[in-house]
Amino acid sequence: MTEESKDLHSIQELKGVGPKSTTSLNNLGIFNIPDAAFHLPFRYEDRSFITPISSANYQTPVLIEGEIMKSTVVFRGRRMLFSEIYDGTGKLTMRMFNFAMAQHKALEKGKMIRCYGNITPGPNGKQMIHPQYQVFGKEDSIEVEKNLTPIYPTTSGMQQNKLKKIIEDALIYCDENNLLKEESENKDYSEFGNLLETLKFLHKPPVETNLYELIEGKHPAQQKLIKEELVAHMLCAGILKNELEGRKGPSMVKNSSYEKDFFDSLPFNLTNSQRKVWDEIRDDMLAMVPMRRLLQGDVGSGKTIVGALASLHAKSNDWQTAMLCPTEILAEQHFTSFSDWFESLGIKVSLLTGSTKAKDKALLIRELAEGNIDILIGTHAIFQQGIKFKNLGLTIIDEQHRFGVHQRFSMLEKGGETNQSPHQLIMTATPIPRTLAMTVYGSLETSIIDELPPGRNPVQTSSRPDKLREKVIKRVEEVCSTGKRAYWVCTLIEDSDELEAQSAEELYKEISNSLPKVKVGLVHGRLKKDQKDSVIENFRNGDIQLLVCTTVIEVGVDVPEATLMIIENPERLGLSQLHQLRGRVGRKANTDSHCLLLYKEPLSGLAEERIKTMEETNDGFKIAEKDLELRGAGDIYGIRQSGLMDLKIANPIRDSNLLLVAQEEAIELSRNEQGFAKTLVDRWIGNRVDYSDS
Ligand code: ADP
Ligand code: MG
């Protein structure tokens, strides 16, 4: 979200939305008014008709209406409020445990009441426990809802009714300001009109709408939106592709002794998979067209070496390499590895991150422009305007899902000559299901490393409820006493560095106290770079045995002696993220490693299923698919965390039936209706950037 788009149609322009609601809305991914219009119900209730009490059954929630015969508060172990309701056909008891005295007073004998909820069998016949209700006078007539009632995914600090009102206002605002109304010239969307009309429909479907279809995401109105969103993402991928097609790539046909020297210095041989993908990449680099290749390989499969080989090949042909990393820790890690590997070969590797000092940066900029730096490794800092290469021939992007399309794009402008594009190698451990890859990347070629280096035993994952904490702490002590090392990862639901740092510090105190014999260290995102570095260095060399940390270590930290990881509150993280985290252990040949998921009870069904998946499989590909499948109703947090891509409505697994039509439409639009194509991309993707941490 850029500053610009934050201010435009800011959510605060709606009545009743102040700073506090804004925070909650932001947590739901709602930043501006159109975002609110896109926040769709995850289920609907039918409150359009009143069911006689006598014919109401126990299976489905119902709306009933009747007269209050009496209301009493009784003590039966705890305080309870009973109201007896009679509608001429039957009697029903409303029962509440949490209530204010004012509520008791309002539920006055002789008043009318309307309740919506599930009926259960009770001691005095039919009952409803804590239904939603509305009290009114006998002379008042209130209407039933004319539409299905939307129920939205929400978050703490934002009540359902308030959210509903905000969304209603957002739709009116969009109407008045002519937002989301542009339509394609050719497409016949007449059934629902333009996008705004479709959204309105889904926020308030008429009662006769097929509820089953709506729940399954199969209603034509939903299908239209899903298709549109997929088209937008495909266009975006396509735009990048078109941009590339006009350009030549740096053909790198020369071989030098670097590669052999490098192999000779390595203490191990490449795996067959690594060899195979390196061949594919080198073939691409020989060609005159810019390579666009996605290198997929599970955590620990050894992608870095392959990237290193590519940069070496670029150097052999006198081209520079840029390697982009999503976090400083990862950039530093790679910088250390590359320096170790390449220093003796006389290759100059440099590091640029947000922490690089101004003086060093000035020098680096000069050296880079003069071509004295062969490989530049860094974070987002590399995107800065002043950073120019003399002859950039290769861009390597590690853990790509964290960079936005626009950022990938901006790297094309750093190569020096305008009619040339550097080769792009994108490396990711988050396996992207084929269907999704097609959506995100269009025609990107894929290489897969499908084996781990020899001797690696899969990480054994199991879960423990928090009440077994003491035992888990003992286990850490045992592991550390044998010279091995452990991580203890602290997670936080809020997107706040500060809170996260705080709870990591508390955890650090707790663990240090209970384990006086173990040397414990702490890293979190709030620490200064030198502090972080020295803690990780001490962990690496064994001066620290247990590292209490936040998810900052998710990518990059490579300490093979670490064989145990505790993840606290794993239910807060998406599956792919958990998998990535646990990939920090199990990095040493012929050594067993363990990951313990320490969860708080009770777990929701979804959380339980996630944890089960982690215990059952180590296959990153399966995990990614499961991740997509489980992102369901109301699971906003999971969606944002999955990091795969920012989809509002579509789910490429559930909606795979639409991928082909969407692709055809994307091609058609990019050929014949470029104006509308751009509208779609702006509408669904806009300036969104996936991630930033520089
Ligand atoms: P990832 O694919 O997760 O980025 P890395 O590139 O960080 O994995 O590699 C993980 C570890 O495996 C590193 O310590 C690396 O040196 C080591 N490694 C890579 N390839 C091999 C190999 N062929 N044999 C043995 N160890 C290897
Ligand atoms: Mg890696």
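Quick caveat: nothing in here was measured; it's all calculated off a predicted structure.

S.K.: Break down the overall build of the protein chain for me, with residues and values.
M.R.: Per the secondary structure count, the protein chain includes 24 helices and 22 strands. Put simply, the protein chain has 694 residues, and 53% of those count as buried. For the protein chain, long-range pairs separated by at least 24 residues make up 75% of all intrachain contacts whose partners lie at least 6 apart in sequence. A total of about 31000 Å² of accessible surface is found on the protein chain, and carbon and sulfur atoms cover 49% of it.

S.K.: Quick one: what's the story with the packing of helix α23 (residues 659-672) against helix α24 (residues 674-684), residue by residue and with numbers?
M.R.: When two helices pack together, you describe them by how their axes are tilted relative to each other and by the distance separating the axes. At a minimum axis distance of 6 Å, the contact between α23 and α24 shows a crossing angle of 125°. Regarding the angle of α23 to α24, the classification is oblique. Residues Leu-669, Ser-670 and Asn-672 of α23 pack against Gln-674, Phe-676, Ala-677 and Leu-680 of α24. Classifying every residue of the contact of α23 with α24 by side-chain character gives four nonpolar, three polar and no charged.

S.K.: Describe the packing of helix α11 (residues 303-316) against helix α12 (residues 328-342), listing the residues and the values that go with them.
M.R.: Packing of α11 against α12 leaves a shortest axis separation of 11 Å and a crossing angle of 55°. Judged by the inter-axis angle, α11 sits oblique to α12. For the element pair α11 and α12, the recorded crossing hand is right-handed. Residues Thr-304, Ile-305, Gly-307, Ala-308, Ser-311 and Leu-312 of α11 form the contact with α12, whose own contacting residues are His-334, Phe-338, Trp-341 and Phe-342. Its residues placed into classes, the contact of α11 with α12 shows six nonpolar, four polar and no charged.

S.K.: Requested: an account of the packing of aromatic side chains, with residues and values cited.
M.R.: Per the counting criterion, the structure on display carries seven aromatic pairs. Ring geometry for Phe-38 and Trp-684: centres 4.7 Å apart, planes at 55°, overall tilted. One end of the pair, Phe-38, is in the loop between α3 (33-37) and β1 (43-45); the other, Trp-684, is in helix α24, with 646 residues separating them in the sequence. Each member of the pair, Phe-38 together with Trp-684, is buried. Put simply, the rings of Phe-262, Phe-263, Phe-338, Trp-341 and Phe-342 touch in pairs and so form one group of aromatic residues. Above the plane of the ring of Tyr-116 lies Arg-47, whose end atom (NZ or CZ) is 4.5 Å from the centre.

S.K.: Could you give me a rundown of the pattern of salt bridges, with the residues and numbers involved?
M.R.: Close approach of charged atoms allows side chains with opposite charge to pair. Counted according to the given criterion, the structure contains 32 salt bridges. Where Asp-175 meets Lys-200, a salt bridge forms, and the shortest distance between an N and an O atom there is 2.6 Å. Highlighted residues: Asp-175 in helix α5 (residues 160-176) and Lys-200 in helix α6 (residues 195-203), separated in sequence by 25 residues. Asp-558 is paired through a salt bridge with Arg-587; the nearest N and O atoms lie 2.9 Å apart. Of this pair, Asp-558 sits in the loop between β20 (546-549) and β21 (562-568) while Arg-587 is found in the loop between α19 (575-582) and β22 (594-599), placing the two residues 29 residues apart along the sequence. Given the relative accessible area of 29%, Asp-558 is considered partly exposed. Residue classification places Arg-587 among the buried positions, given a relative accessible area of 17%. When salt bridges with common partners are traced through the structure, they connect Asp-175, Lys-181, Glu-197 and Lys-200 into a single cluster.

S.K.: Before we move on, can you summarise the site of ligand 1 with the specific residues and values?
M.R.: By nearness alone, 16 residues border ligand 1, and Gly-300, Lys-303, Thr-304, Arg-456 and Asp-558 come closest of all. Between a nitrogen atom of ligand 1 and a side-chain N or O atom of Gln-274, the distance comes to 2.8 Å. Between Gly-300 and ligand 1, the recorded distance is 2.6 Å, taken from a backbone N or O atom to an oxygen atom.

S.K.: Please set out the nonpolar core residue by residue, giving values where relevant.
M.R.: If you look at the biggest cluster of nonpolar residues, it comprises 54 residues, and the most contacted ones within it are Ile-11, Leu-180, Leu-199 and Trp-684. Looking at this core, the elements that each hand over two or more residues are α3, α5, α6, α8 (220-245), α23 and α24. Ranked by the residues each element gives to this core, the list is headed by α8, at nine residues. Leu-309, Leu-330, Leu-394 and Ile-449 belong to the second largest nonpolar core, which has 37 residues in total.

S.K.: Give a detailed account of the environment of Lys-532, specifying residues and quantitative values.
M.R.: Mapped onto the fold, Lys-532 is located in helix α18 (residues 529-541). Each C-alpha atom of the pair Lys-532 and Gly-521 lies 10.0 Å from the other, and the pair is 11 residues apart in sequence. For Lys-532, the contacting residues outside a window of four places in its chain are Ile-329, Val-523, His-524, Gly-525 and Leu-527.

S.K.: Before we move on, could you go through the sheet that holds strand β3 (residues 79-86) and cite the residues and values that matter?
M.R.: Within the open sheet, the seven strands sit side by side as β6-β7-β4-β3-β2-β5-β8. Their pairing is mixed. Because the sheet does not close on itself, it has two edges, and the strands there are β6 (120-122) and β8 (132-136). Strand-to-strand twist in this sheet, taken as the mean axis angle between neighbours without regard to direction, amounts to 40°. Inspection of the sheet shows β3 paired to strand β4 (residues 91-96) by six bridges, in the antiparallel sense. Opposite Ser-83, over in β4, you have Met-94 as the bridge partner.

S.K.: How would you explain the sheet that holds strand β17 (residues 460-465) if you had to name every residue and give the values?
M.R.: Consider a sheet: its strands pair through backbone hydrogen bonds, and that pairing is either parallel or antiparallel. What the six strands build is an open sheet, ordered β17-β22-β21-β18-β20-β19; its pairing is parallel. Each edge of the open sheet is held by one strand with a lone partner, namely β17 and β19 (520-523). Across this sheet, the average inter-strand angle for adjacent strands is 20°, counted without regard to direction. Here strand β18 (residues 485-489) runs beside β20; their pairing, made up of four bridges, is parallel. Within the sheet, the bridge partner assigned to Val-489 lies in β20 and is Cys-549. In the packing of helix α20 (residues 605-616) onto the sheet, contacts are made with β17 and β22, and the angle to β17 comes to roughly 145°.

S.K.: Lay out unusual backbone geometry with the relevant residues and their values.
M.R.: Between Glu-601 and the following residue, Pro-602, the backbone shows a cis peptide bond with an omega angle of -5°. Along the chain, Pro-602 turns up in the loop between β22 and α20. In this structure, Asp-318 takes a positive phi of about 60° despite not being glycine. Topologically, Asp-318 is positioned in the loop between α11 and β11 (320-324).

S.K.: Break down helix α16 (residues 469-481) for me, with residues and values.
M.R.: Between its terminal C-alpha atoms α16 stretches 18 Å, which fits the 18 Å expected from 13 residues at 1.5 Å a residue. Three or more residues of α16 are buried, namely Arg-469, Val-472, Ile-473, Val-476, Glu-477, Val-479 and Cys-480. For α16, the arc enclosing every buried residue in end-on projection is 165°, short of the 170-degree limit, so these residues lie on one face. Exposed and oriented more than 90 degrees from the buried face of α16 are Glu-470, Lys-471, Lys-474 and Ser-481. Gly-483 sits one or two positions beyond α16 and adopts a positive phi of about 90°.

Cut-offs used in this document
Residues numbered from 1 in each chain as written. Chains lettered and ligands numbered in written order. Predicted model: local features only at pLDDT ≥ 70, side-chain atom pairs only at ≥ 80, totals over all residues. Heavy atoms only, no water. Helix = DSSP H or I, 4+ residues; strand = E, 2+ residues; numbered from the N terminus. Buried < 20%, exposed > 50% of the residue type's maximum accessible area, 1.4 Å probe, protein only. Contact = heavy atoms within 4.5 Å. Areas by Shrake-Rupley, 256 points an atom, 1.4 Å probe, with all protein chains shown as cover. Axes fitted to C-alpha atoms, helices over the stretch in contact; angles between N-to-C directions. Parallel < 35°, antiparallel > 145°, perpendicular 65-115°, else oblique. Nonpolar A, V, L, I, M, F, W, Y, C, P; charged D, E, K, R; others polar. Left-handed = near helix turned anticlockwise from the far one by under 90°. Phe/Tyr/Trp six-rings, centres within 6.5 Å; stacked < 30°, edge-to-face > 60°. Lys NZ or Arg CZ within 6 Å of the ring centre and 35° of its normal. Salt bridge = Lys/Arg side-chain N within 4 Å of Asp/Glu carboxyl O. Near = heavy atom within 4 Å. Polar contact = N/O pair within 3.5 Å; in protein donor to acceptor, adjacent residues only side chain to side chain. Core = buried A, V, L, I, M, F, W, Y, C linked by side-chain atoms within 4.5 Å. Pairing = 2+ DSSP bridges. Expected span 1.5 Å × (residues − 1). Arc of directions from axis to C-beta.

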